[in-house]
2 protein chains.
Amino acid sequence: MAPIPNPRILFTKAPVAGNFLVEGENIVYEKSPTIDLDQKLESGQFLTKTLLLSPEPYMRDRMRDPSRSSYGTPMKLGQPIVGNGLVLVLRSEKEGIKAGDYMCGFTPWEAYTVQPYVDARVEFKGFAPGTLDMDTLSLHQVSNPGSAFPWRTFCNALGMPGFTGFVGFEKFGDAKPGETIYVSSGASGVGSMVIQLAKIKGLKVIASAGSDEKVEYMRTIGADAPFNYKRSNSALQDELKAHGPIDIYFDNVGGEHLEAALDNMNLNGRVIACGAISEYNIPWERKHGIKNLGRTFPLRLTLRGFIIGDHLGMQPRFLEEIPPLVARGKLRLREHLFHGLETGIEAFQSMFNGKATAKPIIVVDQEYAS
Amino acid sequence: MAPIPNPRILFTKAPVAGNFLVEGENIVYEKSPTIDLDQKLESGQFLTKTLLLSPEPYMRDRMRDPSRSSYGTPMKLGQPIVGNGLVLVLRSEKEGIKAGDYMCGFTPWEAYTVQPYVDARVEFKGFAPGTLDMDTLSLHQVSNPGSAFPWRTFCNALGMPGFTGFVGFEKFGDAKPGETIYVSSGASGVGSMVIQLAKIKGLKVIASAGSDEKVEYMRTIGADAPFNYKRSNSALQDELKAHGPIDIYFDNVGGEHLEAALDNMNLNGRVIACGAISEYNIPWERKHGIKNLGRTFPLRLTLRGFIIGDHLGMQPRFLEEIPPLVARGKLRLREHLFHGLETGIEAFQSMFNGKATAKPIIVVDQEYAS
């Protein structure tokens, strides 16, 4: 068979620290590559077709100057972005993997891939202690969910967002029925997972997002006090004051949200530091300085930062507890679908510019949109 | 006997939040009161002579508008300051307490007191949950240390500073030999206790203070990398960078020190939030905003605030382990003595204006200076 198009999205240049990624400069959609689907596979290789891709905020941190260390290995310049996705095996020379298998895990942002992908992989050498080798988060087989839930659930409730919310809440929340939790970025994959786990556990949930549409979504999944923090300059403080005090703050945002939460924490409160999306794309001089950390000791607060990669040991419990809740409709996570790999950059930016109305998913193969 | 002078130091007016206390306005030395030492005592009362008084930073927080809640009850306006001290019982109508007994604990800043003090006591009613009734930290008998250590040790290594350092380090430090700790305000009572406990446990100690004299003191008690943070604008960052990364930051200071420590934390680091003395006397607009809390999750940091009053259950262990170390010279805490109750305000302010060269003690009775 003749080679067919194999478009991809490349990481081409590290942005200046604190800047937004610029399409065409830092991140490029490349239409021209091709692939011969009949090419010979070496032993151990298998060929996959990309079905769904999941833009996730941590990926922004991987797109950096590799000389700056962080918790995960950087992405490789000039190579496709790598992230979580759902793929279909077309052919396989690897034992235990066969054509027709569905797999989830890390895969390059391109239409077809000879796995294990090699060119986009970073040699794991010379990194600071604690750096996760992101390329070890490899593909694993998943079963066809049939009518239990849509395929895209593997990229959200059952993917990294869901697992991150589960671990953060279960391991660090120490939640007790009747307590109050505040979830920022409540319409995100992580946030909407946490909202629902908290409701199942009997907590009162305050949740914020940046649009009225997201507020409605948060309400439908059970948030008691969802609000649009952009409604007014004082909305954040007003709402937390009205519905607090807060026993648990699940922080996906950092900056002003963290400061406002600290202002409204209850005695013995816990702050789960999961992310700081408000801070990823702004330079140091414009970052919000938090002035009220002096509240940590009068209120006996605990602030705990975690990285999901350290807690893969909780996967079995996650996979035992969560899929039945999803299948029974007890956990309903919404996705914002972007259609076609060519929308990938738009999908990625939508996490940071507020345009995603829920967790973004790139539907690369339109048969897997539902 | 005719009444004799009973000078005292009064809390007369709550300062504007974030301002320094002004002598003569917020805090006043009153020379005129008298007391009749032969006055009849009611059953349960006893008369004490104040020997030593211990200004401690947390007292600043008690001198507030009582409508603002905090972790301890406020002090009572128009009444003597109350704080830790050493007193001698002159006469007693209380069972179990007799003339000649020495006692430590909360006592009003005046020369003589009919105990239990009543007028300076705040009725414990209507306070927010978690507020400590400071007036319950009552006097308890202590033995004459003879030649084992000076009396003032009861106000420092064996007093609240020592106990605070002990609890913070032992309960929240999770220290392992070979790790590195950074102690800010290292020449303070709490700080110098933590430096020495950390050395006993085999840690490398970085410690900061605001004068070369304090640096020398920190060196004599074992700090490996003591430094004067006022030496230059970049001294704090430079020294932490040179001697870090930091596994444990024992924070007595807050603000810039906390931010600089976060910049230099090691993976899985712990921040023990004990105090924020740099922030107590400055208004909100001049407080230092901390911009690097986004480091908590990449570095998997834990920040834990504590209030010593929650941990009185650790007193027995403290009193078993620490006095022998003091007696054997393994724990050497220095005091800066202020002579006479009339120096009390100067002593109090010395904690905040940098004039104390070590933990300040007011020697009210000159026989107890050594």
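The structure displayed is predicted, hence computed values, not measured ones.

Participant: Summarise unusual backbone geometry; cite the residues concerned and give the values.
Facilitator: The residue after Gly244(A), namely Pro245(A), is reached through a cis peptide bond having omega 0°. Mapping Pro245(A) onto the fold places it in the loop between helix H5 (235–243) and strand S14 (246–251). Cis geometry is found at the peptide bond from Gln115(B) to Pro116(B), where omega equals -10°. Even without being a glycine, Ser185(A) presents a positive backbone phi close to 55°. Structurally, Ser185(A) can be placed in the loop between strand S11 (180–183) and helix H3 (189–200).

Participant: Kindly report on the UniProt feature "domain: Enoyl reductase (ER)" (unreviewed entry) in chain A, identifying the contributing residues and their values.
Facilitator: UniProt's feature table lists "domain: Enoyl reductase (ER)" (unreviewed entry) at residues 64–362 of chain A, given in the numbering used throughout. Measuring from the first to the last C-alpha atom of residues 64–362 of chain A gives 23 Å, for a span that is 25% helix and 23% strand.

Participant: Can you tell me about the interface of chain A and chain B, naming the residues and giving the values?
Facilitator: Quite often, the size of an interface is put as the accessible area lost when its parts meet. In this assembly, 35 residues from chain A lie in contact with 35 residues from chain B. For the chain A and chain B pair, buried surface summed over both sides reaches about 2800 Å², with 63% attributable to carbon and sulfur atoms. A per-residue breakdown of the area chain A buries against chain B is headed by Lys291(A), Phe297(A) and Arg300(A), which together make up 29% of the total. There are 2 salt bridges connecting chain A and chain B. As a salt-bridge pair, Arg300(A) and Asp310(B) come within 2.6 Å of each other at their nearest N and O atoms.

Participant: So what about the pairing of strand S9 (residues 112–115) of chain A? Which residues, and what values?
Facilitator: Residue and element names in this part refer to chain A. Judged by which residues are buried, S9 turns out to be covered on both faces: Tyr112 and Val114 on one side and Thr113 and Gln115 on the other are all buried. Of the pairings in the sheet, the one linking strand S5 (residues 46–54) to S9 comprises 4 bridges and is antiparallel in character. The partner of Thr48 across the bridge, within S9, is Thr113.

Participant: How would you summarise the domain arrangement of chain A if you had to cite specific residues and measurements?
Facilitator: All names here are of chain A. Entries for chain A in the domain assignment read domain 1 (4–156 + 334–368) and domain 2 (160–308). Between the C-alpha centres of domain 1 and domain 2 there is a distance of 28 Å. Both sides together, the interface formed by domain 1 and domain 2 hides about 1600 Å², and carbon and sulfur atoms give 59% of it. Inspection of the domain 1/domain 2 interface yields 0 salt bridges. Across the domain 1-domain 2 interface, the total number found is 3 residue pairs in polar contact (both at pLDDT 80 or more). For the side of domain 1 that touches domain 2, the secondary-structure elements that each account for two or more residues are helix H1 (58–62) and helix H8 (344–353). Residue composition of the side of domain 1 that touches domain 2, by class: 12 nonpolar, 6 polar and 4 charged.

Participant: Give a description of the sheet that holds strand S6 (residues 79–80) of chain A that names residues and reports values.
Facilitator: Each strand in a sheet pairs with its neighbour through backbone hydrogen bonds, running either in the same direction (parallel) or in the opposite one (antiparallel). All names here are of chain A. Pairing in this open sheet of 3 strands is antiparallel, and the strands run S3-S2-S6 from one edge to the other. Where the open sheet ends on each side, the last strands, each with one partner, are strand S3 (27–30) and S6. Note that strand S2 (residues 8–11) and S3 share 4 bridges and pair antiparallel. Residue pairing across strands places Phe11 opposite Ile27, the latter belonging to S3.

Participant: Explain the side chain of Asn264(A) to me, using residue names and the numbers behind them.
Facilitator: Residue and element names in this part refer to chain A. Relative to the helices and strands, Asn264 is located in the loop between helix H6 (255–263) and strand S15 (265–273). Separated by 3.4 Å, the side chains of Asn264 and Gln237 make a polar contact. Only 2.9 Å separates the side chain of Asn264 from the backbone oxygen of Ala260, close enough to count as a polar contact. Each residue touching Asn264, except ones within four places of it in the same chain, is listed here: Gln237, Leu240, Lys241, Pro245 and Ile246.

Cut-offs applied
- Residues numbered from 1 in each chain as written.
- Chains lettered and ligands numbered in written order.
- Predicted model: local features only at pLDDT ≥ 70, side-chain atom pairs only at ≥ 80, totals over all residues.
- Heavy atoms only, no water.
- Helix = DSSP H or I, 4+ residues; strand = E, 2+ residues; numbered from the N terminus.
- UniProt positions renumbered as here; feature names shortened; annotations may be inferred.
- Contact = heavy atoms within 4.5 Å.
- Buried area = accessible area lost by both parts, 1.4 Å probe.
- Salt bridge = Lys/Arg side-chain N within 4 Å of Asp/Glu carboxyl O.
- Buried < 20%, exposed > 50% of the residue type's maximum accessible area, 1.4 Å probe, protein only.
- Pairing = 2+ DSSP bridges.
- Domains from an automatic or database assignment.
- Polar contact = N/O pair within 3.5 Å; in protein donor to acceptor, adjacent residues only side chain to side chain.
- Nonpolar A, V, L, I, M, F, W, Y, C, P; charged D, E, K, R; others polar.

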